[in-house]
Amino acid sequence: FRERYERWTRQTDPQGNVYIAHSITDRGANFGASVIRKVTRTGTISTVAGPSSATPLPVTPIAMISDTAGTLYFVSGGGSIRKLAPNGTLSEIVIPGLGSAIGVAIDASGSLYVGDGVYHKILRRTQVGAVTTVAGGGSMLVGDGGPANAVTLIGPQTLTADSAGNVFFTEVEGRYTNRVRKA
């Protein structure tokens, strides 16, 4: 295919498939459309959401993560969290207290971590829907060594969670990479 892409993000699932989300910028029938494509380990490319699929995509994802079941979670360009199930069902995940999502991660227990660009904090949503602040939202300007939820963050994004329960993230200005211990 011959398309140019403006904004994109990618994610690899536990099975080794690569998902690429982007918007199409070539003039044509799909100009401006958002799409998520899957590239299997054998090199097969398919569209899982967007034009030529059963699942329309309202906005291009800016951050994306997959769980062990192959479900994709992504931050839409509008700051909301969406869930794309392996069967193609697209739904929105509502997180109370979330201003605008800019980063997303998932841990081994299936808890979803979301970086909030409005309230400058990281929220954790468990599989049963309980939401807690794990970092940010406080008034301390320097957070190293202090309680994670007492520090001031600047747009936590590019989140990842490790098997030990730590959450790593960068801040919008890109000056810092911080480590938050499991709360």
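K.L.:
Explanation requested: the overall build of the chain in the structure shown.
P.N.:
When helices and strands are counted, the chain shows zero helices and 15 strands. Within the chain, buried positions represent 40% of all 183 residues. Per element, the accessible surface of the chain, about 9,500 Å² overall, is 51% carbon and sulfur.

K.L.:
I tried to follow the layout of surface pockets on my own but got confused; where do I start?
P.N.:
Here the idea is plain: a probe the size of a water molecule rolls over the atoms and shows the empty space left. Computed from the structure, the second largest pocket encloses a volume of approximately 200 Å³. Lining the second largest pocket we find 13 residues, and of these Thr9, Ala63, Met64, Thr158 and Leu159 sit closest to its centre. Breaking the lining of the second largest pocket down by element, the ones donating at least two residues are strand E1 (5-12), strand E5 (63-66), strand E9 (101-106) and strand E13 (156-161). Of the residues assigned to the lining of the second largest pocket, the class counts are seven nonpolar, five polar and one charged.

K.L.:
Explain the confidence of the model for the chain here, please?
P.N.:
Low pLDDT means the predicted coordinates in that region are not meant to be read closely. Mean pLDDT over the chain works out to 81, with 81% of the residues at or above the 70 mark. Of all secondary-structure elements in the chain, the lowest mean pLDDT belongs to strand E15 (residues 177-180), at 58, while strand E10 (residues 112-116) reaches the highest, 94. Per-residue pLDDT stays below 50 along residues 1-6; that stretch engages in 17 contacts with residues further than four places along the chain or on separate chains.

K.L.:
So what exactly am I meant to see when it comes to the environment of aspartate 162 here?
P.N.:
Within the secondary structure, aspartate 162 is located in the loop between E13 and strand E14 (167-171). Accessibility expressed as a relative area gives 26% for aspartate 162, which makes it partly exposed. Polar side-chain contacts of aspartate 162 include one of 2.8 Å to the backbone nitrogen of asparagine 166.

K.L.:
Teacher, can you tell me more about the sheet that holds E9 here?
P.N.:
Backbone-to-backbone hydrogen bonds join strands into a sheet, with any given pair of strands oriented parallel or antiparallel. With respect to topology, four strands assemble into an open sheet ordered E9-E10-E11-E12, the strand pairing being antiparallel. Strands with a single pairing partner mark the edges of an open sheet, and in this sheet they are E9 and strand E12 (131-136). Neighbour-to-neighbour, the strand axes of the sheet open up by a mean angle of 25°, direction not taken into account. Pairing of strand E11 (residues 121-125) with E12, which is carried by five bridges, proceeds in the antiparallel orientation. Looking at E12, one finds that arginine 124 is bridged to threonine 132.

K.L.:
Is there a simple way to explain the pairing of strand E6 (residues 72-75) in this structure?
P.N.:
One face of the sheet, then the other: side chains in a regular strand alternate in exactly this way. Neither face of E6 is left uncovered, since the one carrying Leu72 and Phe74 and the one carrying Tyr73 and Val75 both have all their residues buried. Here E5 runs beside E6; their pairing, made up of four bridges, is antiparallel. Counterpart to isoleucine 65 in the pairing with E6 is tyrosine 73. Turn length for the E5-E6 hairpin, with the two strands adjacent in sequence and antiparallel, is five residues, and the turn residue glycine 70 shows positive phi of about 90°. In this structure, E6 lies alongside strand E7 (residues 81-84), joined through four bridges in antiparallel fashion. Each residue of the ladder has a partner; that of phenylalanine 74, found in E7, is arginine 82.

K.L.:
Please explain the nonpolar core as it appears in this structure.
P.N.:
Judged by nonpolar contacts, the single largest core of 14 residues is most densely connected at Ile81, Ile95, Leu98, Leu112 and Val114. Of all the elements in the fold, those that place two or more residues in this core are E5, E6, E9 and E10. Top contributing element to this core by residue count: E9, with three residues. Setting aside residues no more than four positions away along its own chain, isoleucine 81 makes contact with Phe74, Val75, Ser91, Glu92, Ile93, Ile95, Leu98, Ala101, Leu112 and Val114. Within the second largest apolar cluster, 10 residues are counted, among which are Tyr113, Ala135, Leu159 and Val167.

Rules used throughout
- Residues numbered from 1 in each chain as written.
- Predicted model: local features only at pLDDT ≥ 70, side-chain atom pairs only at ≥ 80, totals over all residues.
- Heavy atoms only, no water.
- Helix = DSSP H or I, 4+ residues; strand = E, 2+ residues; numbered from the N terminus.
- Buried < 20%, exposed > 50% of the residue type's maximum accessible area, 1.4 Å probe, protein only.
- Areas by Shrake-Rupley, 256 points an atom, 1.4 Å probe, with all protein chains shown as cover.
- 1 Å grid on protein atoms, 1.4 Å probe; cavity = no way out; pocket = protein on both sides within 12 Å on 5 of 7 lines; lining within 4 Å.
- Points joined across faces, edges and corners; volume = space filled by probe spheres on them.
- Nonpolar A, V, L, I, M, F, W, Y, C, P; charged D, E, K, R; others polar.
- pLDDT = per-residue confidence, 0-100.
- Contact = heavy atoms within 4.5 Å.
- Polar contact = N/O pair within 3.5 Å; in protein donor to acceptor, adjacent residues only side chain to side chain.
- Pairing = 2+ DSSP bridges.
- Axes fitted to C-alpha atoms, helices over the stretch in contact; angles between N-to-C directions.
- Core = buried A, V, L, I, M, F, W, Y, C linked by side-chain atoms within 4.5 Å.

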